[in-house]
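Here are the chains, one letter per residue:
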Amino acid sequence: MAKPSLDQLLSDLNEPQRQAVVCPGGPLLVLAGAGSGKTRVLTHRVAFLIAAQGVKPDEVLAITFTNKAAVEMKERVESLLGPIARTMWVSTFHAACARILRKEAQQLGYRRNFTIYDAGDQVRVVKQCLKELGLDPKRFPAKGIHSVISSAKNRLLDAEAFGETINNFFDDTVASVYTLYQKKLFANNAMDFDDLLMRTVDLFVRFPDRLEHYQRGFRHILVDEYQDTNHAQYMLVNLLGREHRNICVVGDDDQSIYSWRGADVRNILDFKQDYPEATVIKLEQNYRSTQAILSAANVVISNNGERMSKDLWTDLGEGEPVRVTEVEDEHGEARYVAGEISRLEQKEGIDHGDIAVFYRVNAQSRVLEDLLIRYGIPYRIVGGTKFYERAEIKDALAYLMVLENPSDSVSFSRIVNSPKRGIGAASVAALARFAEAAGISMLDAAARAGDIADLRPAAVKSLENFSVRMADLAGAAANSPVAETLEEVLTSSGYLEALSAERTVEAEGRIENLQEFVGVAEEYDNIHSDGSLREFVQEISLYTDIDKLTEVERAITLMTLHNAKGLEFPVVFIIGAEEGVFPHSRSMEEQNLDEERRLCYVGMTRAKKRLYFTYATTRNLYGSRNYNLASRFLGELPGDLVAFEQIRPARTRFGGGFGGQAGFFDEGECAEGGNEAEASLNETPSFFNVGDKVVHATFGEGVITGVERGGTVAVRFSVDGSERKLMVDYAPLRKA
DNA sequence: GAACGCCGTGTTTTT
DNA sequence: CACGGCGTTC
């Protein structure tokens with residue numbers, strides 16, 4: 001492919017964007033407001049460096065927040081430069097570190113086939129440690145301990161250094177667990193996610209020649225989402241960039257929403273102090289949202305304390321006011337959202353695929369899902385339980401990991417009795433003791449089960465069989481494509497057989513997931529014709545989201561506000577805007593409201609054309625009913641940008657009333673907006689219209705013959721020709 | 001060793 | 001409400 005001309009690279013950029021792209025070198029901070037073309041700047045800058053500055057692709061290290069973002073960025077640069085771009089390092093911090101550590105592991109006493117443990121594995125190891133140390137898991141919950149260890153690692157404190165910082169009894173205990181935990185990881189030839197960062201820093205500190213090697217190599221370092229980096233990542237950037245000082249960081253302090261997992265906004269706020277000679281460029285022109293949405297978002301975020309001042313503007317026009325709707329409860333909320341979605345589709349031709357609903361906690365999605373299913377509105381959920389976190393996938397992967405790294409006792413323990421082989425906790429413990437004493441892996445110990453005194457004969461037999469089976473699998477794996485190995489594992493282990501024997505819907509689902517996993521392996525084999533099981537396992541353990549290409553067309557998108565970062569939709573609903581839900585009660589206790597407000601800002605700025613907020617006067621969450629005030633964030637919205645509406649339940653039409661609700665309209669800020677007053681007295685719009693074809697859970701197919709007041713419809717059922725009156729809210733009725 | 005049932009608990013999530 | 005962890009029972 002021909003090199004792009006400079007004109008091509010620089011066309012369609014506004015002035016600050018252009019400056020950021022052509023900045024020749026040195027530290028550069030790009031403060032990129034939401035929707036300001038950040039990705040465009042990043043990709044064009046990389047292309048510019050290579051095409052116009054004589055930088056070689058493999059001298060560029062570009063860091064993204066997710067694997068998905070890395071793939072997208074690579075593709076975009078490739079479309080500008082052609083295949084030469086392939087040698088660039090574009091990845092997450094974790095993937096880049098893993099790549100470095102695979103090369104350098106021996107320096108740290110690890111073997112290069114080390115296993116990477118995810119959060120679940122980490123907690124398992126912590127539990128083992130607690131047991132061995134005789135600690136009460138009630139007083140010292142594994143999850144809590146793990147999170148303290150993790151945050152210590154993110155601050156680059158090893159067990160010893162952490163031990164010196166302790167100021168309470170709990171941390172004292174954590175320190176002893178931490179020490180043992182790390183010992184175990186090392187014995188298993190395993191690193192956890194945090195280790196990938198910490199060990200790499202460790203490598204660079206202890207072996208200056210290795211640091212020098214990589215410093216020289218990376219002439220340019222670019223970091224996206226810099227506001228969400230933690231201390232370890234900060235150190236990596238600083239160490240690697242020290243030689244050339246060509247560090248370009250891109251981010252938005254107003255979108256920092258991950259402090260609870262170690263991200264430190266100070267990294268971006270202090271960049272100018274760290275690099276006094278840094279160029280700072282602000283991108284404030286927004287190409288995504290209407291002015292009304294932007295102004296509202298600007299006002300909300302302006303309530304935060306320390307921030308780098310920034311004011312987004314757009315020339316896309318004023319647009320519609322932000323709609324704020326009070327509903328009775330979570331069911332009314334769901335009905336309202338579904339009703340608006342139908343209305344938008346019918347009256348304005350807005351496709352379902354253009355609509356997203358954001359909520360603060362995953363639990364909020366259920367009620368909405370139930371209703372969407374009933375109304376026959378297609379939806380997809382982003383996030384939730386991850387594919388690679390499902391038990392069956394982790395089991396399958398654990399088999400592969402043991403084949404690949406037999407020292408990995410965590411994976412071994414996971415699969416040795418899965419499917420059930422009559423090897424219970426007691427036998428596993430005996431095996432572990434033996435392996436430890438003999439200084440061999442648990443897999444090797446299983447082969448010598450006969451030598452272990454505490455095992456019952458049945459367990460010995462079973463372990464020996466297991467060991468032989470694994471040896472066979474390892475032999476077969478050596479020369480087979482990954483997908484074949486995986487299938488062999490699933491059948492020969494009896495895993496699939498055990499699942500199909502269950503004959504439940506859940507088991508069916510699990511089998512389907514496993515088939516999809518085989519599909520992933522096949523895909524891998526196709527791309528890497530000479531790929532090995534080792535590479536597959538190593539790659540997959542850093543990859544956690546699978547919803548890659550499976551985008552369902554014409555479905556509305558449901559996700560948490562955190563998952564919404566980086567996305568955009570013409571229509572956005574933010575539901576559950578209530579004190580205690582959003583902002584979340586726990587953030588309120590911890591005085592972490594600034595971050596909640598940033599989360600609100602992130603959510604609002606995802607909307608291109610229309611933005612809706614809903615709040616319920618009462619909500620059932622976690623099985624108990626709450627009466628919440630409207631979110632303070634709504635109170636912060638300026639009245640002239642808002643259209644307020646109140647959906648009142650048909651049953652209590654003359655009950656209840658105004659005024660009880662504190663929050664955003666108690667300062668008389670309610671919008672005047674023409675027809676809104678009329679809308680506020682309306683009942684929930686009906687989803688069913690005369691003539692609609694419907695399906696009832698017990699009566700089967702039918703057609704709507706009448707729509708009555710109070711949420712009642714008449715339905716003629718084809719099965720027996722009967723006509724029945726049904727309450728829409730309670731009848732198991734959906735559109736056909 | 002496994003199945004059942006009780007109790008407690010409950011943000012956000014990528015790697 | 002819903003799930004996971006743990007203790008009891010067969």
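Check the entry above for the structure.
Rules used throughout
Residues numbered from 1 in each chain as written. Chains lettered and ligands numbered in written order. Predicted model: local features only at pLDDT ≥ 70, side-chain atom pairs only at ≥ 80, totals over all residues. Heavy atoms only, no water. Helix = DSSP H or I, 4+ residues; strand = E, 2+ residues; numbered from the N terminus. Rg over C-alpha atoms; globule rule 2.2 N^0.38 Å. Buried < 20%, exposed > 50% of the residue type's maximum accessible area, 1.4 Å probe, protein only. Contact = heavy atoms within 4.5 Å. Polar contact = N/O pair within 3.5 Å; in protein donor to acceptor, adjacent residues only side chain to side chain. Pairing = 2+ DSSP bridges. Axes fitted to C-alpha atoms, helices over the stretch in contact; angles between N-to-C directions. Near = heavy atom within 4 Å. Nonpolar A, V, L, I, M, F, W, Y, C, P; charged D, E, K, R; others polar. Core = buried A, V, L, I, M, F, W, Y, C linked by side-chain atoms within 4.5 Å. Expected span 1.5 Å × (residues − 1). Phe/Tyr/Trp six-rings, centres within 6.5 Å; stacked < 30°, edge-to-face > 60°. Salt bridge = Lys/Arg side-chain N within 4 Å of Asp/Glu carboxyl O.

> Honestly, the overall build of chain A in this entry has me stumped. Any pointers?
For chain A, the helix and strand inventory stands at 30 helices and 22 strands. Taken against the 2.2 N^0.38 rule, which gives 27 Å for 736 residues, the C-alpha radius of gyration of chain A at 29 Å falls within 12% of a compact globule. Viewed in the frame of its principal axes, chain A has a C-alpha envelope of about 80 × 70 × 60 Å. The buried share of chain A, reckoned over its 736 residues, is 54%. Excluding contacts between residues fewer than 6 apart, the proportion of contacts in chain A whose partners are at least 24 apart in sequence is 74%.

> Could you clarify how one ought to interpret the side chain of Asp 252 in this entry?
Turning to its location among the elements, Asp 252 is positioned in the loop between strand S7 (247-251) and helix H13 (266-269). Exposure remark for Asp 252: the relative accessible area of 2% places this residue in the buried category. One polar contact links the side chain of Asp 252 to the main-chain amide nitrogen of Asp 254, over a distance of 2.9 Å. Sequence-distant contacts of Asp 252, defined by excluding residues within four places in its chain, comprise Ala 32, Gly 33, Ala 34, Gln 227, Ile 268, Lys 310 and Tyr 601.

> It is not clear to me how the sheet that holds strand S17 (residues 642-646) should be interpreted in this structure. Could you clarify?
Note on sheets: strands pair through backbone hydrogen bonds, and any given pair is parallel or antiparallel. Strand order across the open sheet formed by seven strands is S11-S12-S10-S13-S14-S9-S17, with parallel pairing between neighbours. Pairing within the sheet leaves two strands with one partner each, and these edge strands are strand S11 (379-381) and S17. Direction aside, neighbouring strands of the sheet carry axes that sit 20 degrees apart on average. Here five bridges tie strand S13 (residues 569-574) to strand S14 (residues 607-616), and the two strands are oriented parallel to one another. Across the sheet, the residue bridging to Val 572 is Leu 611, located in S14. Set on the sheet, helix H17 (residues 365-374) makes contact with strand S10 (355-359), S11 and strand S12 (556-560); between it and S11 the angle comes to about 155 degrees. Helix-sheet contacts for helix H28 (residues 593-604) involve S10, S13 and S14, and the interaxial angle to S14 is about 130 degrees.

> Is there a simple way to explain the sheet that holds strand S6 (residues 220-223) in this structure?
Here we have six strands laid out as an open sheet, ordered S3-S2-S6-S7-S1-S8, and parallel in their pairing. Unpaired on one side and paired on the other, strand S3 (89-92) and strand S8 (279-283) mark the two borders of the sheet. When the angles between neighbouring strand axes are averaged without regard to direction, this sheet yields 15 degrees. The sheet strands contacting helix H4 (residues 67-81) are strand S2 (60-64) and S3, and the helix crosses S3 at an angle near 160 degrees. Those strands touched by helix H12 (residues 231-241) are S2, S6 and S7, and its axis lies near 160 degrees from that of S6.

> I'm lost on the protein's contact with DNA strand C in this one. Help?
Around DNA strand C lies a shell formed by Lys 127, Arg 366, Tyr 622 and Gly 623. Residues that form the surface near DNA strand C fall into these classes: one nonpolar, one polar and two charged.

> What's the story with the nonpolar core in this structure? I'm lost.
One recurring pattern in soluble globular proteins: nonpolar side chains tend to sit buried together. Among the nonpolar cores identified, the biggest contains 53 residues, and Leu 400, Phe 412, Met 470, Phe 517 and Phe 536 are the most heavily contacted of them. Take this core: its biggest share by element is nine residues, from helix H18 (residues 391-404). Leaving out residues up to four positions away in the same chain, Leu 400 has contacts with Thr 485, Leu 486, Val 489, Leu 533, Phe 536 and Val 537. The next biggest cluster of nonpolar side chains, apart from the first, holds 46 residues, and it includes Leu 31, Trp 89, Phe 207 and Met 308.

> When you look at the environment of Leu 236 in this model, what are you seeing that I'm missing?
Its place among the elements puts Leu 236 in helix H12. For the pair Leu 236 and Val 201, spaced 35 residues apart in sequence, the C-alpha separation works out to 6.2 Å. In contact with Leu 236, not counting residues within four places along its chain, are Phe 93, Cys 97, Leu 197, Thr 200, Val 201 and Phe 204.

> What's the story with helix H25 (residues 505-527) in this structure? I'm lost.
Turn by turn, an α-helix covers 3.6 residues, leaving residues three or four places apart pointing in a common direction. End to end, H25 covers 33 Å across 23 residues, agreeing with the expected 33 Å (1.5 Å per residue, within 8%). Burial in H25 covers these residues: Ala 507, Ile 511, Asn 513, Leu 514, Phe 517, Val 518, Val 520, Ala 521, Tyr 524 and Asp 525. Elements in contact with the buried residues of H25: H18, helix H23 (482-492), helix H24 (495-502) and helix H26 (533-540).

> Can you walk me through the packing of aromatic side chains in this structure?
Here the distance between the centres and the angle between the planes together describe a pair of aromatic rings. Going through the model one piece at a time under the given rule, you end up with 18 aromatic pairs. Geometrically, the ring pair formed by Phe 65 and Tyr 258 is tilted, given 5.4 Å between the ring centres and 40 degrees between the ring planes. On the criterion of sequence distance, the pair formed by Phe 65 in the loop between S2 and H4 and Tyr 258 in the loop between S7 and H13 is long-range, its members being 193 residues apart. A residue is classified by how much of its surface remains accessible, and Phe 65, at 26% relative accessible area, is partly exposed. The exposure class of Tyr 258 is buried, given its relative accessible area of 9%.

> Would you explain the side chain of His 44 in this entry?
Take His 44: it is sitting in helix H3 (residues 38-52). His 44 has contacts with Leu 9, Val 21 and Leu 80, leaving out every residue within four places of it along the chain.

> How should I be thinking about the pattern of salt bridges in this particular structure?
Two side chains bearing opposite charge may form a pair once their charged atoms approach each other closely. Inspection of the entire model under this criterion finds 49 salt bridges. Of the charged contacts, one joins Asp 192 and Lys 153 as a salt bridge, the two residues approaching to 2.6 Å between their closest N and O atoms. You can see Asp 192 sitting in strand S5 (residues 190-192) and its partner Lys 153 sitting in helix H7 (residues 142-154), a full 39 residues away along the chain. An identical accessibility class is assigned to Asp 192 and Lys 153; each is buried. Here Lys 310 and Asp 254 are joined by a salt bridge, their closest N and O atoms 3.0 Å apart. In this pair, Lys 310 is assigned in the loop between helix H15 (291-301) and strand S9 (322-327) and Asp 254 in the loop between S7 and H13, connecting sequence segments 56 residues apart. Taken together, the salt bridges that share partners define one network made up of Lys 153, Asp 192, Asp 195, Arg 199, Asp 202 and Arg 206.

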